[in-house]
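# Per-entry structural report
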Amino acid sequence: MKRLHAILLLACISLIPPVAAIPGNSAFDRAREAWDNGDFIRALEGFAGILGGPEAARFLDPIALLTGELHPVQELAPDGRSVRFSSTGRYAVYETGGRSDRVTRILDTATGNVAAELRGTGAVFSPDDGFVAYLQAVETEELRTLRGELEQLQARPQPDRQAIAERQRRIAAAEAAAAAITLRHLATGHEQRLADGGLLKFSLAYSADGGEVYFSGMEGAGAAAGEIYAVSPTLDEPRPLTSGKGFKVDPIAVPGGHFLVCTVTSASPLAQGPGAMTGARAPGGGPQAPTREVAITSLADGRMRSFAGASPTLSADGSTLAFLAQSGQESQLQVVKLAGDLEPKVVRKSPERINSAALSPDGALVAFETTIHLNAEIFVIDADGRAERRVTREIQHDRSPRFLDSGTLLAIKGERRHSRSYAYDLRTMAGTRLFHNNTVRTIAPEYEWAPSPDGSRLLIVSERDGDTISLERGVYLLDRSRRISLGELQARIQANLAAERDLRARGESLFRPIAGRVREIAAGVSIHRLYEYQEALFQFDSKHISQPGNKLAGEYLHAAFQSFGYEPEFQWFNVGNIRTASVLAELRGTENPELVYVLCSHYDSNQRGPGADDNTSAIAVMLETARLLAGKPMPATILFAALTGEESGLLGSREFVRQAKEKGMRIAGVVNNDTIGWSNDQRLDNLIRYSSQGIRDVQHAAAMLFSKMITYDSRYVKSTDAVPFYEAYGDIVGGLGSYPLLGTPYYHQPTDLLETVNQELLVEATKANIAWAMRLAYGPSRLTEMRVTASSGGRIEATWTAGPEKGITGYEVRYGPGGDPGRKAVTVKEPRAVIADMPLAGGETVHIAVRSIGAAGNHGWDWITATATLAK
């Protein structure tokens, strides 16, 4: 326990060195304190005053880093992946499209123009950037047939996963056989296919002198080994560079032209499953885990030396190779000097896992990621194994180091669903966040990072708009050689200030009719009761459906709801030979009981531990909300659902939704809270995960007006119990989750213990939970089935299904052009509106939004929206 308390003391603020380095300034200190307290309006007003005064230049960097990005960022593409720079950094490359229609785009970074568009993948550049080689996709009848068969298998009500995996392997083999290694001259666009001997072809690399292209190949899907081959315009057939047992993959041409580095694995490149091509150990390291070696081949005589290990990385100058190895239970970092005897030297060994490594451009330093006290941290060490230094010191995971230059390290902070890029100065070990979206509330998860050869620019794949539901991920170019201007920062501050004022004003309007009642009820939140709920559930240890604690926890929840005055019920179902149940309790509505708002959280835990944060924290908040709302019904029904089986595949939520659809339950909104009790610093932060814009605004407003909790947001449902509700009922789902998103190192660990939960945060989360539950059920709900028609004369007619609540007195209609969608407003009595006063040209679009007005003058908590394009 003492160890965990010590770990918690290391929780820290995101490092922003310019702020710490600046002498005291009362105006800045006041604004910064307001920022840390979540009073963003006052903070932004303070920042605006400083930037408009004589000390603007002094405070530009710290204000820029607090509110977003310090360096300018340009969007290159709305959707892309597999980003990289060309050899000289002149071109930026990304891939887009699906597996069968993948396209590679090459952008000239000087002009922003598309230099080439390739129908294929795996593009690599010659050292002078004159040529690009890629695997051109070739469509065949066999591929069309296989893809059709795969679609049929996936469309079955109960898909055969083994058959699907086998069909996917056959498709991969057919694609690798049909693909053509194609050479393109970038200046002229001329293309030439290189002779590949009918081999299955995988990853490409250019030779050090640019005269040949290397690839990983095998003679057929059933081949027992694969080699690295060389091809060129002058070769009539591929020339093997390697030989022997195993599959040689991922060729790396060493600068200087003397060596080739690759990975040798016992797993075919067509193998499916965890770690097939990544170098990661299979779970448990059992007999099915593929063996891996790092191989160095002399290009002069073909001799190959191999060493047990994986994840080779090369210094930019070609002098040094580093890789990861495992010796028994010991993880090792090994280094090979390529100008020497090629004998690897163990420069770091540890019982803790070493996960990744990178070499400085000159090969003098090695950066690596390893685990310290449960969470990943970054270290650097001299390539001779001396002078180890720790770079990061946080409770969040820090991972995937790579060098931007000899004195600057790029590393990634956070769980993979909310990764953020930081640059670390290796002289001071100070870290600065690089990428953001320059908004106060919305997070911008990052997924890929590719530095330019000189480290001055960075390609990033991100959901910069915070939308993780859409499959699109944008491609962005960050320029570290420049800083944003004072004018750009002032514009950012003003835009955020306007957004925050608008959010607060809309929130106050939403809650005005019931604000007093919310405060009265929320004042009764008891930190003692919250802790008692958690302590009782904690005693059951793991609450996974396979463990005895699951049934005990369900019985406890049933009894708790009963003690509050509800008549709860078990919703039983079977999973194989396991019987488990969700626990439901209803606060029936007084006016519109048929309209149901679901407040749900899962009570089961990961099999490895008691799940104090994931998800007893949210269950405790649900229980306290249910206790305080008992006997105080709202117009619509609130259904509290303590769901089971989330950790086993969203089982309880799927069963709940199945039965709800079967019974015709009219669910008008859902709030799903999951993992909400951990904080990584002094702030009481949490994240709103929403699909409905209206629920997002209600949740922000509830937190701002009735609690001390600070809320951020992301359009997000994946891997949570929100998924079945979203799939069945659409975008009426919201919820709360930890901020940073799953940043806790205790996630799904046996150490997810009661003492890691911030009890004050749960008090404030409960107050907000009460507020948004009351406001949603107070109604009116969001309207449905809006239809819009536009005539050539500019007349627009909108109709919608009448609001289902009793006592609807009318509808508020807002409309306007794309740049000003709320320009005009009108109130109508019937579910129909005619718009004839928009002086827009043909082809322009009008945005229309409608919400109900209740009998008490309360407006709907969300808008139904539509657009109409005027005929030309």
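### With respect to the overall build of the protein chain
For the protein chain, the helix and strand inventory stands at 16 helices and 48 strands. Over its C-alpha atoms the protein chain spans a radius of gyration of 29 Å, differing by no more than 12% from the 29 Å that the globule rule assigns to 872 residues. Summarising its shape, the C-alpha atoms of the protein chain cover approximately 85 × 70 × 65 Å along the three principal directions. Residues classed as buried in the protein chain amount to 58% of the 872 residues present. The long-range share in the protein chain, meaning contacts at least 24 apart out of those at least 6 apart in sequence, stands at 61%. Between the mean site of the 93 positive side-chain charges and the mean site of the 102 negative ones, the protein chain shows a separation of 2 Å.

### Thoughts on the side chain of S298
Within the secondary structure layout, S298 lies in strand β16 (residues 292-298). Residue S298 is classed as buried on the basis of its relative accessible area, which comes to 15%. A polar contact is formed between the side chain of S298 and the side chain of D301, at a distance of 3.1 Å. Setting aside anything within four residues of it in sequence, one finds S298 in contact with H258, F259 and R303.

### Concerning the nonpolar core
Membership of the largest hydrophobic core comes to 69 residues, with the highest contact counts inside it found for F511, F561, F564, Y566, L629, I638 and F640. For this core, the leading source of residues is helix α16 (residues 759-778), giving 13 residues.

### A look at the packing of aromatic side chains
What the rule picks out here adds up to 22 aromatic pairs. A ring pair is formed by F307 and F323, whose centres lie 6.1 Å apart and whose planes are at 10 degrees; its orientation type is stacked. Residue F307 is found in strand β17 (residues 304-308), and its partner F323 is found in strand β19 (residues 320-327); the two are separated by 16 residues along the sequence. Given a relative accessible area of 0%, F323 falls into the buried group. Plain terms: the ring middles of Y533 and F564 are 6.3 Å apart, the flat faces sit at 70 degrees to each other, and that makes the pair edge-to-face. Of this pair, Y533 sits in helix α10 (residues 527-538) while F564 sits in the loop between α11 (548-563) and β33 (569-575), and the two are 31 residues apart along the sequence. Like F564, Y533 is buried. Of note, K413 hangs over the ring of Y422, and the distance from its end group to the ring centre comes to 4.3 Å. One Lys or Arg, R473, reaches over the ring of Y447 and ends 3.5 Å from the middle of that ring.

### Considerations on the pairing of strand β11 (residues 213-218)
For β11, a buried count of 6 out of 6 residues is recorded, marking the element as mostly surrounded by other parts of the structure. With burial as the criterion, each face of β11 is covered, one bearing V213, F215 and G217 and the other bearing Y214, S216 and M218. In this sheet, β11 lies alongside strand β10 (residues 200-206) in antiparallel orientation, the contact comprising 5 bridges. Following the sheet pairing, L200 is matched in β11 by M218. The hairpin formed by β10 and β11 contains 6 residues between the paired strands, and G210 there has a positive phi angle of roughly 80 degrees. In the sheet, β11 pairs with strand β12 (residues 227-231) via 5 bridges, with the strands oriented antiparallel. Each bridged residue has a counterpart across the sheet, and for F215 the counterpart in β12 is Y229.

### Some details on the pattern of salt bridges
By the definition in use, this model includes 54 salt bridges. E139 is paired through a salt bridge with R147; the nearest N and O atoms lie 2.7 Å apart. Its relative accessible area of 31% is what places E139 among the partly exposed residues. Taking relative accessible area as the criterion, R147 reaches 16% and is therefore assigned buried.

### So, helix α8 (residues 486-511)
Taking 1.5 Å as the rise per residue, α8 with 26 residues should run 38 Å; its terminal C-alpha atoms sit 37 Å apart, in good agreement. Every buried residue belonging to α8 is among L489, R492, I493, N496, L497, E500, L503, G507, L510 and F511, and all of these are buried. Among the structural elements, α4 (40-51), α5 (56-67), α9 (515-522), α14 (693-706) and α16 are those in contact with the buried residues of α8.

### As for the pairing of strand β3 (residues 91-96)
In terms of burial, β3 is a largely internal element, 6 of the 6 residues being buried. Looking at chain direction, strand β2 (residues 81-85) and β3 are connected through 3 bridges and run antiparallel. Looking across to β3, one finds that R81 is bridged to E95. Connecting β2 to the antiparallel partner β3 that follows it, the hairpin turn spans 5 residues, and G89 within it adopts a positive phi of roughly 90 degrees. Between β3 and strand β4 (residues 103-108), which pair antiparallel and follow one another directly, the connecting turn spans 6 residues, one of which, G97, has a positive phi of 95 degrees.

Cut-offs applied
- Residues numbered from 1 in each chain as written.
- Predicted model: local features only at pLDDT ≥ 70, side-chain atom pairs only at ≥ 80, totals over all residues.
- Heavy atoms only, no water.
- Helix = DSSP H or I, 4+ residues; strand = E, 2+ residues; numbered from the N terminus.
- Rg over C-alpha atoms; globule rule 2.2 N^0.38 Å.
- Buried < 20%, exposed > 50% of the residue type's maximum accessible area, 1.4 Å probe, protein only.
- Contact = heavy atoms within 4.5 Å.
- Lys, Arg positive; Asp, Glu negative; His and termini not counted.
- Charge placed at Lys NZ, Arg CZ, Asp CG, Glu CD.
- Polar contact = N/O pair within 3.5 Å; in protein donor to acceptor, adjacent residues only side chain to side chain.
- Core = buried A, V, L, I, M, F, W, Y, C linked by side-chain atoms within 4.5 Å.
- Phe/Tyr/Trp six-rings, centres within 6.5 Å; stacked < 30°, edge-to-face > 60°.
- Lys NZ or Arg CZ within 6 Å of the ring centre and 35° of its normal.
- Pairing = 2+ DSSP bridges.
- Salt bridge = Lys/Arg side-chain N within 4 Å of Asp/Glu carboxyl O.
- Expected span 1.5 Å × (residues − 1).

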